[in-house]
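# Observations on the three-dimensional arrangement
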Amino acid sequence: MKVSVVDDYFGTIIKDEYRNIENLKDSSVINWFKAQDGYTEKYMGQLSDQKLIASQMRLYFSNDKPAISRVKYTNNGSVFYLKRNPEDSIQKLFYRQNVDANDIELLDPSNFQKDLNKEFTINYLQPSWDSRYVLVSLSYDGITGSSMIIIDVKNRKPLPEVITHAEPDSYLGVSWLPDSSGFLYLYLPVLDPNDENYMLNSSTVLHKLGDNPNKRKIIFSSSSSSQITNEDLPIAKILSNNDNYLIGYKASVENYWSAYYANISDLDKERIDWKPLYSLDEKIYADYGYFSDKEFVYVSGKDADNRTISSFNLKSKGPKQTNILVHEKKDEVITSLYVANNNLYYTTSRFGVEAFLYEYKGNHEEKIKLPYITGTIELNSSSNESENLYVNMDGWTKDFTRFIYNNGLFNLDPLSNHQTYSKFNDFQVKEIQVESFDGVQVPMSLIYRKDMKLDGLNPTFIYAYGAYGESMTPFFSPIFLNWVQNGGVFVVPHIRGGGEKGDSWHEQGMKSKKSNSWKDIISCTEYLIRNKYTSKEKTVLYSSSAGSVATGMAMVERPDLFKVFIADVPMLNPLRSEERTNNASNYLEYGTIKDSTECMALIKMDPYVNLKPNVDYPASLIISSFNDVRIDPWIPGKFVAKLQVYSTSKAPVFLDVIYDAGHEGGDTMEERIKEYSRIFAFAFWQTNHTLKI
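My aim in this report is to walk through the structure given alongside it, one point at a time. Since this is a predicted model, take the numbers as computed values, not measurements.

## Some thoughts on the overall build of the protein chain
- Along its length, the protein chain carries eleven helices and 38 strands.
- Over its C-alpha trace the protein chain gives a radius of gyration of 25 Å, about what one expects of a compact globule, namely 26 Å for 693 residues.
- Structurally, the protein chain occupies a C-alpha span of about 70 × 60 × 55 Å along its principal axes.
- A total of 693 residues make up the protein chain; the buried ones form 60% of that total.
- Considering only residue pairs separated by 6 or more positions, the protein chain has 58% of its internal contacts joining residues 24 or more positions apart.
- Measuring between centres, the 75 positive side-chain charges of the protein chain sit 3 Å from its 89 negative side-chain charges.

## Considerations on the sheet that holds strand β23 (residues 333-340)
- Taken in spatial order, the four strands line up as β23-β24-β25-β26 in an open sheet, and their pairing is antiparallel. The sheet is open, and its two edges are formed by β23 and β26 (364-368), each paired on a single side. Adjacent strand axes in the sheet meet at a mean angle of 25 degrees when their direction is disregarded.
- Relative to β26, strand β25 (residues 354-361) runs antiparallel, the two being bridged by five bridges. Paired with E359 across the two strands is E366, which belongs to β26.

## Structural notes on the pattern of salt bridges
- For the coordinates displayed, the defined rule picks out 29 salt bridges.
- A salt bridge links E526 to R558, with the nearest nitrogen and oxygen atoms 2.9 Å apart. Residue E526 is found in helix α5 (residues 515-530), and its partner R558 is found in the loop between α6 (547-557) and β36 (564-570); the two are separated by 32 residues along the sequence.
- Note on E526: relative accessible area 30%, which makes it partly exposed.
- Because the salt bridges share partners, they merge into one network encompassing D7, D16, R19, E22, R576 and K638.

## Digging into unusual backbone geometry
- Phi is positive for S180, which is not a glycine, with a value near 60 degrees.
- Relative to the assigned elements, S180 resides in the loop between β11 (175-176) and β12 (182-187).
- Located in the positive-phi region is F351, a residue other than glycine, with phi close to 55 degrees.

## Remarks on the packing of aromatic side chains
- Tallied over the entire structure, the rule returns 63 aromatic pairs.
- Pairing Y43 with F654 gives two aromatic rings, centres 6.0 Å apart and planes at 25 degrees, and the pair type is stacked. Of this pair, Y43 sits in helix α1 (residues 27-44) while F654 sits in strand β38 (residues 653-658), and the two are 611 residues apart along the sequence.
- Exposure remark for F654: the relative accessible area of 1% places this residue in the buried category.
- Through successive ring pairs, a cluster of aromatic residues spans W396, F461, Y463, F475, F480, W483, F490, Y542, Y676, F680 and F684.

## Some words on the sheet that holds β11
- Taken together, the four strands give an open sheet; going across it, the order is β11-β12-β13-β14, and neighbouring strands pair in antiparallel fashion. Either end of the sheet is taken by a strand with one partner, and the two such strands are β11 and β14 (217-220).
- In terms of strand pairing, strand β13 (residues 203-208) meets β14 through three bridges, oriented antiparallel. Bridge pairing in β14 places L206 opposite K217.

## Section: the environment of P371
- Tracing the chain through its elements places P371 in the loop between β26 and β27 (376-380).
- Remark: the alpha-carbon pair of P371 and M393, spanning 22 residues in sequence, is separated by 9.6 Å.

## Comments concerning the environment of K638
- In this fold, K638 is placed in helix α10 (residues 634-646).
- Through-space distance from the C-alpha of K638 to that of Y346 is 44 Å; in sequence the pair is 292 residues apart.
- Each residue touching K638, except ones within four places of it in the same chain, is listed here: D16, Y18, R19, I21, E22, N573, R576 and Y608.
- At 2.8 Å, the side chain of K638 and the side chain of E22 are in polar contact.

## Here's the deal with the nonpolar core
- M444, F461, F490, I566, F639, I679 and F680 are the most contacted members of the largest nonpolar core, which has 111 residues in total.
- If one sorts the elements of this core by residue count, helix α11 (residues 669-686) sits on top with nine residues.
- Once residues lying within four places of it in the same chain are set aside, the contact partners of I679 are F461, Y542, I566, D568, L621 and I623.
- Core analysis: the next-biggest nonpolar cluster, separate from the first, contains 59 residues, L239, Y278, F291 and L379 among them.

## What to know about empty space enclosed by the protein
- Within this structure, the stated rule accounts for one cavity of 30 Å³ or more.
- Taken together, 13 residues line the largest cavity, and the ones lying closest to its centre are I14, D16, L575, Y608 and V609.
- For the lining of the largest cavity, the elements supplying multiple residues, two or more each, are β1 (5-9), β2 (12-16), α9 (607-610) and α10.

## Comments concerning the packing of helix α3 (residues 478-485) against α11
- The contact between α3 and α11 brings their axes to 10 Å, and the two run at 25 degrees. In terms of their interaxial angle, α3 and α11 are classed as roughly parallel. Here the hand of the crossing between α3 and α11 comes out right-handed. Each of I479, F480, N482 and W483 in α3 lies in contact with α11, whose residues at this interface are M669, R672, I673, Y676, F680, A683 and F684.

## A short note on the side chain of T308
- With respect to the secondary-structure elements, T308 resides in strand β21 (residues 308-313).
- Side chain to side chain, T308 and S310 meet in a polar contact 3.2 Å long.

## Some thoughts on the packing of α1 against α10
- Following both chains from N to C, one finds α1 and α10 inclined at 65 degrees, their axes separated by 12 Å at the closest point. On the basis of the axis angle, α1 is roughly perpendicular to α10. As for the relative orientation of α1 and α10, their crossing is left-handed in sense. Contacts from W32, F33 and Q36 of α1 reach α10 at W634, G637, V640, A641 and Q644.
- Grouping the amino acids of the contact of α1 with α10 by side-chain chemistry returns five nonpolar, three polar and no charged.

## So, the environment of K511
- With respect to the helices and strands, the residue K511 is situated in the loop between α4 (503-507) and α5.
- Sequence separation of K511 and V645 is 134 residues, and the distance between their C-alpha atoms is 29 Å.
- Each residue touching K511, except ones within four places of it in the same chain, is listed here: Y587, L588, E589, Y590, G591, E598, A601 and M605.
- In terms of polar contacts, K511 uses its side chain to reach the side chain of E598, at 3.1 Å.

## Examining helix α2 (residues 48-60)
- Every buried residue of α2 is listed here: Q50, I53, A54, Q56, M57 and Y60. Buried residues of α2 fall within an arc of 160 degrees about the axis and therefore sit on the same side. Exposed side of α2, more than 90 degrees from the buried face: S48, K51 and L59 are the residues found there.
- The secondary structure elements touched by the buried residues of α2 are α1, α3 and α11.

## Quick look at the pairing of strand β29 (residues 401-406)
- In terms of burial, β29 is a largely internal element, six of the six residues being buried.
- Where strand β28 (residues 389-394) meets β29, five bridges bridge the pair, whose relative direction is antiparallel. Of the residues in β29, the one forming a bridge with M393 is T401.
- Across four bridges, the pairing between β29 and strand β30 (residues 409-412) is antiparallel.

About the criteria used
- Residues numbered from 1 in each chain as written.
- Predicted model: local features only at pLDDT ≥ 70, side-chain atom pairs only at ≥ 80, totals over all residues.
- Heavy atoms only, no water.
- Helix = DSSP H or I, 4+ residues; strand = E, 2+ residues; numbered from the N terminus.
- Rg over C-alpha atoms; globule rule 2.2 N^0.38 Å.
- Buried < 20%, exposed > 50% of the residue type's maximum accessible area, 1.4 Å probe, protein only.
- Contact = heavy atoms within 4.5 Å.
- Lys, Arg positive; Asp, Glu negative; His and termini not counted.
- Charge placed at Lys NZ, Arg CZ, Asp CG, Glu CD.
- Pairing = 2+ DSSP bridges.
- Axes fitted to C-alpha atoms, helices over the stretch in contact; angles between N-to-C directions.
- Salt bridge = Lys/Arg side-chain N within 4 Å of Asp/Glu carboxyl O.
- Phe/Tyr/Trp six-rings, centres within 6.5 Å; stacked < 30°, edge-to-face > 60°.
- Polar contact = N/O pair within 3.5 Å; in protein donor to acceptor, adjacent residues only side chain to side chain.
- Core = buried A, V, L, I, M, F, W, Y, C linked by side-chain atoms within 4.5 Å.
- 1 Å grid on protein atoms, 1.4 Å probe; cavity = no way out; pocket = protein on both sides within 12 Å on 5 of 7 lines; lining within 4 Å.
- Points joined across faces, edges and corners; volume = space filled by probe spheres on them.
- Parallel < 35°, antiparallel > 145°, perpendicular 65-115°, else oblique.
- Left-handed = near helix turned anticlockwise from the far one by under 90°.
- Nonpolar A, V, L, I, M, F, W, Y, C, P; charged D, E, K, R; others polar.
- Arc of directions from axis to C-beta.

This is the structure we're talking about:
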């Protein structure tokens, strides 16, 4: 399967020995993938631990209480949500007229387009401002593009139109018009990843209820400004139902965007008069900004590593005058901003592992006392005028819990899951800082059983990411905690490239500084071994997507340090990233081969390129989703092909191909259980560990 190509990058010669695997239209390449998957199935299917682990995981979700998610309240108190009963495999859409009313089923996805014989799941929902309608987005098998339908709540029936060429779950959802007569969404003209125009020429369009779905009025696109190209994502939003303005983002994979604004009344005109609202160099954080009368209030990273909350007057003439409302905090990064009851609420995070909530009103900020210490806080409100602030709290061993905050009091949301997991009562969480190779202190989270012994015999699952400024904040996952239940240590090193210590933490782990990310992993692993949490024979290194650049290079640079390497839909060949159809703006994170300095950094950070022959590499399980349009299957495929030839350790190198999933993996709980029970069984097998039943 080896067809070499030699490339010259600014005088640096790189031999790409498996370039032919990039051609997924070649039948011999497809047959190679099938043979690899068959080889993996032959051996992995024999692992008895997989069945046992899967049965343990199913027990976590087999109690008599339903699982509830994607809860959306409206201003009149009605609530929409997804619910999966213990006997169901997928979630259905439900509605309550008020939070204490009875459940009313609005949609069972298994009844949608039954003629296609596909298992649709709901990936997004958004009720209209007046609760008369709810938009639902459905997809299957990770295929690009969703189908959107609108349900008439009173009649409990969908309207005739089915809207396609959209992915609201990925691109800031939809925005209902203030009178609920229609909505805005991002239209994606080309959904075929093999088409050269894939993900180009997207635009925000207006759909009026009852109209032909193919009758799209373009609201915001590359024609709205010379600064927007056909590669950008022009996403227009209505932030609250009483706003006078639309906002249009020039969105990207990075955390700071530029934006425009226009009068909502322009929606009735032939052409919308978009005006610049702020530029990229003003460092206004993603979509955390709101119109407040004549002011625009936002989260800013301008001259503030941990960010501020600032505002400016929309009507002032001359140079923009900013007013700092909340100054930068030491060791706390401002992570979100919401409006409820016309007051500002914002969250902060300390080192990515402890979250705080603040209220700002009357030119005064106050830290709100939480029901308990928590690692992650997510906020929601139905509108700027909503009396309630919805506060979701999450932690490593504390289940995701929803609260309703009103008049200074937290009340448990009746729709919160209220699950109990007695198996996890004896788990210990430890938050530490580890000195990295250059003296920098790297936060690291450890979760383990209280009866664990520091004898170096504990299999240790190291889950690192470190990309796009995304923080690995605490999350409750019975699936990952199964590793701990069975006697392992679950570790999350908060490496550079993430956002745990502010914007500079991200910048220190990208492009030419990307090596900090994988060297942080190496330092944290050495700490774990040195302090007898584990040993070289018990270490398992795991990541997915962009996180695999760092973990892949940690494995390549220090193969002696890891017993097992697992990469899920991984980016293991960033040097060739720009050859992908859907590269989008990812070059902003990795770098581009068009720039000599950034190109050399890409070569240095590429796990596939840096594999060396005749090296004892660890046992490896590489997982590829064949419908993945973010990480093309050829990327993990090339890595496996090269690793199988180069490694001399005789440890297995498996390519596990999932043919009915996209980048996010399986849509159902059973699919996720199947994937992670296999991952854990492989890791326990290679670390020679006996499960603690």
